[in-house]
Amino acid sequence: MTQRRRGAELEKALLDAAWDELDDKGYARFTMDAVVKRAGTSPPVLYRRWPDRDALVRAAVVHALKESRPALPDTGSLREDLLVLMREIATSHVRLVTVMYAHLASYYRETGENPTSLFDPVATGRAAALDALYERAAARGEITSERLTERVKTLPFVLLRHEILSTFAPVPDHVLEEIVDTVFLPLVR
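Residues numbered from 1 in each chain as written. Predicted model: local features only at pLDDT ≥ 70, side-chain atom pairs only at ≥ 80, totals over all residues. Heavy atoms only, no water.

Q: Would you mind showing me how to read the environment of Glu 11 here?
A: Of note, Glu 11 is situated in helix α1 (residues 7-25). Look at Glu 11 and you get partly exposed, because its relative accessible area is 35%. In this structure the C-alpha to C-alpha distance between Glu 11 and Val 45, which are 34 residues apart in sequence, comes to 9.6 Å. (Helix = DSSP H or I, 4+ residues; strand = E, 2+ residues; numbered from the N terminus. Buried < 20%, exposed > 50% of the residue type's maximum accessible area, 1.4 Å probe, protein only.)

Q: Where do I start with the nonpolar core in this structure?
A: In this structure, Leu 22, Leu 56, Leu 78, Leu 82, Tyr 134 and Phe 184 are the most contacted members of the largest nonpolar core, which totals 58 residues. Broken down by element, the residue count for this core peaks at eight residues, all from helix α4 (residues 53-68). In contact with Leu 56, not counting residues within four places along its chain, are Leu 15, Ala 18, Phe 30, Met 32, Val 35, Leu 46 and Trp 50. (Core = buried A, V, L, I, M, F, W, Y, C linked by side-chain atoms within 4.5 Å. Contact = heavy atoms within 4.5 Å.)

Q: Looking at this structure, I do not really get unusual backbone geometry. What am I missing?
A: A negative phi angle characterises most non-glycine residues, just as the trans form characterises most peptide bonds. Of note, the phi angle at Phe 168 is positive, near 55 degrees, even though the residue is not glycine. Inspection of the secondary structure assignment puts Phe 168 in the loop between α11 (150-167) and α12 (173-188).

Q: Where do I start with helix α5 (residues 78-92) in this structure?
A: Between its first and last C-alpha, α5 extends 21 Å over 15 residues, near the 21 Å set by a 1.5 Å rise per residue. Every buried residue of α5 is accounted for by Leu 78, Asp 81, Leu 82, Leu 83, Leu 85, Met 86, Ile 89 and Ala 90. On its buried face, α5 is in contact with α6 (94-103), α10 (126-139), α11 and α12. Regarding α5, its N-cap is Ser 77, as a side-chain oxygen of that residue lies 3.3 Å from the backbone nitrogen of Arg 79 further along. (Expected span 1.5 Å × (residues − 1). Polar contact = N/O pair within 3.5 Å; in protein donor to acceptor, adjacent residues only side chain to side chain.)

Q: How should I be thinking about α10 in this particular structure?
A: Counted at 1.5 Å a residue, the expected span for α10 with its 14 residues is 20 Å, and the 20 Å between its end C-alpha atoms agrees. For α10, the complete set of buried residues consists of Arg 126, Ala 129, Leu 130, Leu 133, Tyr 134 and Ala 137. Within α10, the buried residues cover an arc of 125 degrees as seen down the axis, which keeps them to one side. In α10, those exposed residues whose orientation departs by more than 90 degrees from the buried face are Ala 128, Glu 135 and Ala 139. Phi for Gly 141, located one or two positions after α10, is positive at around 80 degrees. (Arc of directions from axis to C-beta.)

Q: Could you clarify how one ought to interpret the environment of Leu 15 in this entry?
A: Note on placement: Leu 15 falls in helix α1. The class of Leu 15 is buried, set by a relative accessible area of 6%. Those residues in contact with Leu 15 that sit more than four places away from it in its chain are Trp 50, Leu 56, Ala 59, Ala 60 and His 63.

Q: Is there a simple way to explain the packing of α10 against α11 in this structure?
A: Any two packed helices are characterised by the angle at which their axes cross and by the distance between the axes. Contact pair α10 / α11: the axes reach a minimum separation of 11 Å and the direction vectors enclose 110 degrees. One finds that α10 runs roughly perpendicular with respect to α11. Seen from above, α10 lies across α11 with right-handed handedness. Where α10 approaches α11, its residues Leu 130, Asp 131 and Tyr 134 are matched on the opposing element by Lys 153, Pro 156 and Phe 157. (Axes fitted to C-alpha atoms, helices over the stretch in contact; angles between N-to-C directions. Parallel < 35°, antiparallel > 145°, perpendicular 65-115°, else oblique. Left-handed = near helix turned anticlockwise from the far one by under 90°.)

Q: Just checking my understanding: could you explain the packing of aromatic side chains for this structure?
A: Aromatic ring pairs are described here by two measures, namely the spacing of the ring centres and the angle between the planes. A complete count under the given rule lists three aromatic pairs for this structure. Ring geometry for Tyr 27 and Tyr 107: centres 5.2 Å apart, planes at 80 degrees, overall edge-to-face. With Tyr 27 in the loop between α1 and α2 (32-39) and Tyr 107 in helix α7 (residues 105-111), this residue pair connects regions lying 80 residues apart in the sequence. Among the residues examined, Tyr 27 registers a relative accessible area of 1% and is labelled buried. Relative to Tyr 108, the ring of Tyr 107 lies with its centre 5.7 Å away and its plane at 75 degrees, an arrangement referred to as edge-to-face. Among the aromatic residues, ring-to-ring pairing joins Tyr 27, Tyr 107 and Tyr 108 into one connected group. A cation over an aromatic ring shows up here: Arg 53 above the ring of Tyr 27, its NZ or CZ 3.8 Å from the ring centre. (Phe/Tyr/Trp six-rings, centres within 6.5 Å; stacked < 30°, edge-to-face > 60°. Lys NZ or Arg CZ within 6 Å of the ring centre and 35° of its normal.)

What follows is the structure, given as structure tokens:
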């Protein structure tokens, strides 16, 4: 007999099932019924938490982004911290980025949302992590904090995302080094 899931354990199972459904079938074929079946639960359990598929999609994406957030490196060098972080994303997060942008294209069209609204760095904890990385670099005297606008902070990762979406493949190390050394670091030093 299986044990009944409750609370955070149940919510995680539901969100994992929703993410897996998005990953397998994309938004166009994503249904609440399919998530119910995949999670091994009942419709009322799902609808008590999310009133419709769009709310569930948003919650599943935020959940997947939180779950997949790489550990924040602390190598003692901003350049190395960025490269370690970007290497992790460039190799193990290609599928995640692809689902976020390619599989959810019809979601963006139907809801009027855009990838930025789902990829909220505050909700996923990414903003705080990047701030910590940059604060350490400023404290070491590697960068000038005044040059770190919100756009500049995210620039290496925007360029990384562009590379992933251009190829749907892991990004080679020489490309990551070019993003960091040629584009990003000259802006903040």
